[in-house]
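Topology and contacts: notes
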Amino acid sequence: MKKSTKPPPSTGSTPEEIYMAVGRALSWWEGAEDVLMGLIRWLCQESEPTAFAAYVASPRSRRTAMLKEVLQRYEAAFSREELDIIRAGLKELDQLAATRNEIAHGHCSEFRSVIDGAVTMSGAYLLPSLNEGHWHERDMRYAHTASTIADFEAQVRAVRWRIFEAYDAARMRRQEARNGSGYKLDIARQICRRVELGQMTPLDAERSLTNFIGTNVDPSPEGSSVGTVSAGSLLRHE
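All of these numbers come straight from a predicted model, not from anything done at the bench.

Some remarks on the overall build of the protein
- Along its length, the protein carries eight helices and two strands.
- Sequence-ordered secondary structure for the protein, helices as α and strands as β, is α-α-α-α-β-β-α-α-α-α.
- Partitioning the intrachain contacts of the protein with sequence separation of at least 6 by distance along the chain shows that 65% fall at a separation of at least 24.
- With the model as given, the accessible surface of the protein reaches about 13100 Å², and the carbon-plus-sulfur share is 53%.

Laid out in structure tokens, this is it:
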């Protein structure tokens, strides 16, 4: 495995500080994963329950790829800004995943290093597992302290919050539209957005709206029963 080019902190932590930092960091990582699961549940569970079940059962790399595909399919449910925030957040979490694995699989050890009479490392560190590099050798490709683990936690919490805010804004907008007269206009907006994104032709959009009006079937990703309104009035509002 590639060794880190960044020198390890010269002052370590106490074992108790390491254990506490690891627990907090991994809990917040799971919190970020939970937000992503809530996002794909909202988009898929009603209309595509099998896709949601497959997401839950998949390894993280595959879950990320699935979520990207779902976001592309249901772009119309979000504003451009919301999509940009969510996609940037996914990219950031992908970049943080390697550090998450270090923290999850590292070993807390007391370590002291002296080079040319100077102490370069002293204290408790989260290091690679004993046999990861060679037999009874520690590969020093990383050496986390409570402080560096806390930095990771802060990054994860910030990304998690940004994704949640963007996803929750779209979710609440849909819910408010369903609860009020704006629901029908929201459906028309989504159909027009799909035309804009090239996911639907104008003719298909007209047919979808006609089907929506004639059968009271919601053509949006989630689907719902609604009242009747004319296609002309929907398109005029857009």
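Some details on the pattern of salt bridges
- Here the structure, examined in full by the defined rule, presents 14 salt bridges.
- The salt bridge involving D94 is made with R60; its shortest N-O contact spans 3.0 Å. Of this pair, D94 sits in helix α4 (residues 80–105) while R60 is found in helix α3 (residues 60–73), placing the two residues 34 residues apart along the sequence.
- Within the structure, one salt-bridge network assembled from shared partners comprises E33, R60, R63, K68 and D94.

Section: the side chain of S113
- With respect to the helices and strands, the residue S113 is situated in strand β1 (residues 107–115).
- When sequence neighbours within four positions are dropped, the list of residues in contact with S113 reads A118, V119, T120 and M121.

Some points on α3
- For α3, which comprises 14 residues, the first-to-last C-alpha distance of 20 Å matches the rise-based estimate of 20 Å (1.5 Å per residue) to within 8%.
- Along α3, the positions that sit buried rather than exposed are R60, R63, T64, M66, L67, V70 and L71. Mapping the buried residues of α3 onto a view down its axis gives an arc of 165°, with all of them on the same face. Set apart from the buried face of α3 by more than 90 degrees, the exposed residues are S61, Q72 and R73.
- In the core, the buried residues of α3 are packed alongside α1 (15–44), α2 (49–57) and α4.

Points about the nonpolar core
- Formed by 41 residues in total, the largest nonpolar core has its most connected members in L39, L43, L67, L71, F78 and I86.
- Mapped onto this core, the elements with two or more residues apiece are α1, α2, α3, α4, β2 (118–127) and α5 (146–179).
- With 13 residues, the single largest contributor to this core is α1.
- Each residue touching L67, except ones within four places of it in the same chain, is listed here: L36, L39, I40, Y55 and L90.
- Counting residues in each nonpolar core, the second largest holds five residues, with I191, M200, A205 and L209 among its members.

Focus: the packing of aromatic side chains
- Considering all chains together, one arrives at five aromatic pairs under this definition.
- Where F164 meets Y167, the ring centres are 6.2 Å apart and the plane angle is 85°; that geometry is what we call edge-to-face. Here F164 pairs with Y167, and both are found in helix α5, just three residues apart, close to one helical turn.
- Judged by its relative accessible area of 27%, F164 is partly exposed.
- In textbook terms, an aromatic cluster arises when at least three aromatic residues are bridged by ring pairs, as seen for W42, F78, W161, F164 and Y167.
- Note that R63 overlies the ring of Y55, its terminal NZ or CZ placed 5.9 Å from the centroid.

About the criteria used
- Residues numbered from 1 in each chain as written.
- Predicted model: local features only at pLDDT ≥ 70, side-chain atom pairs only at ≥ 80, totals over all residues.
- Heavy atoms only, no water.
- Helix = DSSP H or I, 4+ residues; strand = E, 2+ residues; numbered from the N terminus.
- Contact = heavy atoms within 4.5 Å.
- Areas by Shrake-Rupley, 256 points an atom, 1.4 Å probe, with all protein chains shown as cover.
- Salt bridge = Lys/Arg side-chain N within 4 Å of Asp/Glu carboxyl O.
- Expected span 1.5 Å × (residues − 1).
- Buried < 20%, exposed > 50% of the residue type's maximum accessible area, 1.4 Å probe, protein only.
- Arc of directions from axis to C-beta.
- Core = buried A, V, L, I, M, F, W, Y, C linked by side-chain atoms within 4.5 Å.
- Phe/Tyr/Trp six-rings, centres within 6.5 Å; stacked < 30°, edge-to-face > 60°.
- Lys NZ or Arg CZ within 6 Å of the ring centre and 35° of its normal.

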